[in-house]
Every structure is written in C-alpha cells, then in structure tokens.
Amino acid sequence: MPRDELPSLLLLPFPPDPLSRSLLNTAYRPSITAALSRLKRPNGASKLTVAVECPILHGQFLRSKTLSWTEAQALVAGIYTIISVVSAQLGIGTEIDGGPNSVDATVVLIDHNRNKRFTEDFRPAIETNNTTVIDLATFASAYHPWNYIFHVRSEVGLQFYQTYLKLAEGRQTLLQEQLIPVEGGITMNVVPQGNIPRPTPARTPGVPVVCLGGTFDYLHPGHKLLLTAAALLLKVPRKDDANMQPCTYIIGITGDELLRNKKYAEFVQSWETRARNVILFLSRILELSERGWKDTQQPQRVEERDGDVKAWFRDGTILVHCVRIQDPFGPTITVENVDALVVSGETRSGGKAVNDKRAEQGWKTLEVFEVDVLDAEDVLEEKERTKTEENFSAKISSSAIRQQRALARPGTKI
C-alpha cells in the first residue's frame, strides 16, 4: 500500500476535567486543525485515527472492567463535533470514501493513565478485556503502519507521544518527516468549589446483545459516533471459554425501498455499499491483529446474503450482524434476545415505540441509551457561527452530502 494511502495518527493527551464541549474545543481544536490541514489532498482522500489518552476503564481484573458510558460517548461526541467544525471551515469532506479533499477520521479511546510506567523488559502485545476499549500497549501492537504521526507540542503531549513510540518500537521504520509536532490548546482541570470531590459517574455494565438502526448513507461523523457508542456497551466474552458465545451487535440498515422518496434519492448509496461501510468502520475499532493494517482492513470472517451480512471480530468474540429493515422496528421486534437499544435525539421516540411493541409481545423491554448530538454551536464563537454552521450541517447530514454529489454532476437540476 502506498504510504499516502495509509491512515495517519493524531495522539491527543488526557482530556480536560470536567468534560465539556467548550473545554474540549479549547484543548483539542488547534491540534485537530493542524492535522486535518496537513492531510487535505486535492488529488485524493486521507484517513486519520484520533487516539485519545484517558483512563476510562475501572476495575482491578482484566475480565471485570467497567466504564461510564455517558462520559465515554460524550468524549467521542465532543471530538467528532470538533472534527466536523474544523472540516466545515477548511472545506474537507468527512464521509468514508469521500474522494479528493476529504479526511475520513476515526476516534479511538485509549485506556491509559499518564502515571503508568513500563519496565525496560516489558514487551507490548495485544491483550483484550471484557469491553471493546483497549489499552495503549494493545493499540501500539495492532494499529500500524502510519503515514504521519501527529503529536501535541506540550509536556503531557510529549509524554504520551514518547510512551507510544516506545511501545510501538519495531512495528514500523519511521522517517523524521513522518513525525509532526502540532500546537496544543489549553487543557483546563477545574477544581470543584470548596474542594468537594465531584460525584463518581455511574458505571455501565456491558451487555451481550446491543441493537441500533439507521440509514448510514455516506457514513459521516454522526454515524461514527452512533456506531462507536453502541460498541462501548458490548460485554466481550473470553475467547478461550469452552462455551463461548460471541457478544452480538445488531445493526438494522434501512432497505433501499424505504428510501425512494428521500431527497436526491438517485444518489442514495445501495444497501450493500452502506452495510460494507458500516463493517469497514467497525473493523477500525473492533479488529485487532499483530499484523496491523494487513489484516484489519476487513474482518477475519464475513458471511453475506441478500440483505444480511455477518462479520466476526477479535477471534470470533464479537459478531456484527447487519440486517436490512423495511419498517421502523426492524430486528427489535423479531429478535427477542436483545438487551440494549442505542438511539439518537432524532430517533428517541422510536425507542419508546419499540419497547411498547415488545411489551405487547410479552418480551422484556430494552434499556435505551441516547447518544449526544453533534452541535457546532457548542464550540463556535459568535463571529464564526453563521457560515460555519451552514457548512457544518453538510458534514453530518447524508441528505446534504447527496445534494453536494448532485451539484457535482453536470446537468443536474436542483
């Protein structure tokens, strides 16, 4: 693979405390802007993995880790918001296979404590737990090679970068031109008034079966947030358990028939393309291999039928099942064994409708998790708002992306 077709890496140090969009913007926007500016190419698309250092997992033992889903998805949402805002300002496409001047970004949370030290004889390797979140040693072992590695020019940024390079040693021969320092923002850690500790965020136990639905046309940052947030709920089993059953991630993808009346319907991607892009994106956060991108461009095992795609990740411990849906409910009312449903603000009412229908059938209701929205207003100053907000919507709206595709076709009437 030519080097400019490889993903690049942006290492972001520990996020601000407390976690808010405005503080995230202050801390991370300069670095994200520098990386996206460098990767914008008029003759092709680029890929960027944004790795965020955060001690997100709790628990003494490897197989009994927990996390705060609310905080984790809020962090991912905040970063995708900044990526979308910066892309809007720089004229960068954000969707998968976006073509020239696009950067396909993926946010990956890395469970790492900045105070952790590794001994000289430590040998990094892939080591998974009962969640989909990985630690820095596993990330260094499975994510490689890179086109560029961007690191923040600050004390904590340099510490994170040096630790990563030590763990990644021997995975790739890097030229000096590939190692790019970028400016960091101001990371604020606000001490609570009266030094009273903040309440500990509620821990979210993982579940065996998670479900969500969507169209996933021109897969963009809003979709990436939804898919990542749902993956954070999975309870991943041990691969060496004799009775191992994979955790299951069911994704209902709207069938082509239901989309014929969409605006610019002729530019809607086929169901097969949309399912492929969902699997491709999830492979970046779920698949792990010592061989790096040689294996993780696609799942290790895939089964495809008409309107039905199954893909297995992490030695068969995670099953992603994409199914075609022809009604608002999809598999939530045809598959009884589902534990959680993930929705967005736009589909909140659908969660209640699903549970009403399941209750009618005598099935258990699902725990419903709602992801944050991507909102430019949270990170823009007043003087930036009008034009950036218009362009921002085009980065997180499939219909706006279809309109852009229509405008690019000669002779198309809008």
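Residues numbered from 1 in each chain as written. Predicted model: local features only at pLDDT ≥ 70, side-chain atom pairs only at ≥ 80, totals over all residues. Heavy atoms only, no water.

As recorded in an unreviewed UniProt entry, the chain goes by the name Cytidyltransferase-like domain-containing protein, listed as coming from Podospora pseudopauciseta.

### Structural notes on the nonpolar core
Where we set the bar: Take the buried residues of types Ala, Val, Leu, Ile, Met, Phe, Trp, Tyr and Cys, join any two whose side-chain atoms come within 4.5 Å, and each joined set is a nonpolar core. The rule is simple: take the accessible area with a 1.4 Å probe, protein chains only, and divide by the maximum for that residue type; under 20% is buried, over 50% is exposed, in between is partly exposed. Comment: elements are numbered from the N terminus, with helices defined as DSSP H or I runs of at least four residues and strands as E runs of at least two.
Among the nonpolar cores identified, the biggest contains 107 residues, and F139 and I251 are the most heavily contacted of them. Element by element, the count of residues in this core is highest for helix α2 (residues 69-90), at 12 residues. Counting residues in hydrophobic clusters, the runner-up holds 8 residues, among them V209, L341, V343 and L366.

### Focus: the environment of V156
The criterion, for reference: Note on definitions: a residue-residue contact is assigned when non-hydrogen atoms from the two residues lie within 4.5 Å.
Tracing the backbone shows V156 in helix α4 (residues 155-167). For V156, a relative accessible area of 32% corresponds to the partly exposed category. Each C-alpha atom of the pair V156 and F139 lies 19 Å from the other, and the pair is 17 residues apart in sequence. Non-local contacts of V156, meaning those with residues more than four positions away in its chain, are made with P13 and R114.

### With respect to the pattern of salt bridges
To keep it simple, the criterion reads: We define a salt bridge as a contact between a side-chain nitrogen of Lys or Arg and a carboxyl oxygen of Asp or Glu at a distance within 4 Å.
A full pass over the atoms with the stated rule returns 21 salt bridges. Residue E183 pairs with R153 through a salt bridge whose shortest N-O separation is 2.2 Å. Placement of the pair is E183 in the loop between β6 (179-182) and β7 (209-214) and R153 in the loop between β5 (149-152) and α4, with a sequence separation of 30 residues. Look at E183 and you get partly exposed, because its relative accessible area is 46%. The exposure class assigned to R153 is partly exposed, which follows from its relative accessible area of 47%.

### Side note on the environment of F139
Inspection of the secondary structure assignment puts F139 in helix α3 (residues 136-142). Along the primary structure F139 and E290 are separated by 151 residues, whereas in three dimensions their C-alpha atoms are 9.9 Å apart. Apart from the residues within four sequence positions on either side, F139 is in contact with L9, T49, A51, V108, I110, I134, W146 and Y164.

### Describing helix α6 (residues 271-286)
Heads up, the rule is: A helix is expected to reach a length of 1.5 Å times the quantity of its residues less one.
With 16 residues, α6 ought to run about 22 Å at 1.5 Å a step, and its terminal C-alpha atoms sit 22 Å apart, in line with that. Within α6, 13 of the 16 residues are buried, which leaves it mostly tucked inside the rest of the structure.

### A look at unusual backbone geometry
Note on backbone geometry: most residues besides glycine have negative phi, and most peptide bonds are trans. The omega angle of the peptide bond from D17 to P18 is 5°, so this bond is cis rather than trans. Relative to the assigned elements, P18 resides in the loop between β1 (8-12) and α1 (21-39). Between H144 and the following residue, P145, the backbone shows a cis peptide bond with an omega angle of -5°. Relative to the helices and strands, P145 resides in the loop between α3 and β5. Unusually for a residue other than glycine, R314 sits at a positive phi of about 50°. By the element assignment, R314 lies in the loop between β10 (308-313) and β11 (318-325). Residue D315 is not a glycine yet carries a positive backbone phi of 60°.

### Describing the packing of aromatic side chains
Stated precisely, the cut-off is as follows: Any Phe, Tyr or Trp ring, taking Trp's six-membered ring, that has another such ring centre within 6.5 Å forms a pair; planes under 30 degrees apart are called stacked, those over 60 apart edge-to-face, and the others tilted.
All chains considered together, the criterion is met by 8 aromatic pairs. Judged by centre distance (4.9 Å) and plane angle (40°), the ring pair of F118 and F122 falls under tilted. Judged by relative accessible area, which is 32%, F122 ranks as partly exposed. Their ring planes at 55° and their centres at 6.1 Å tell us that F139 and Y164 sit as a pair that is tilted.

### A few points about the side chain of T131
Stated precisely, the cut-off is as follows: Counted as a polar contact is a pair of N or O atoms within 3.5 Å, where, for protein atoms, one must be capable of donating a hydrogen and the other of accepting one, and residues adjacent in sequence contribute only when both atoms are in side chains.
Turning to its location among the elements, T131 is positioned in the loop between β3 (103-111) and β4 (134-135). One polar contact links T131 to N129, side chain to side chain, over a distance of 2.6 Å. A polar atom in the side chain of T131 sits 3.0 Å from the backbone nitrogen of V133. Once residues within four sequence positions are removed from consideration, T131 is found in contact with L57, K65, L234, V236 and R314.

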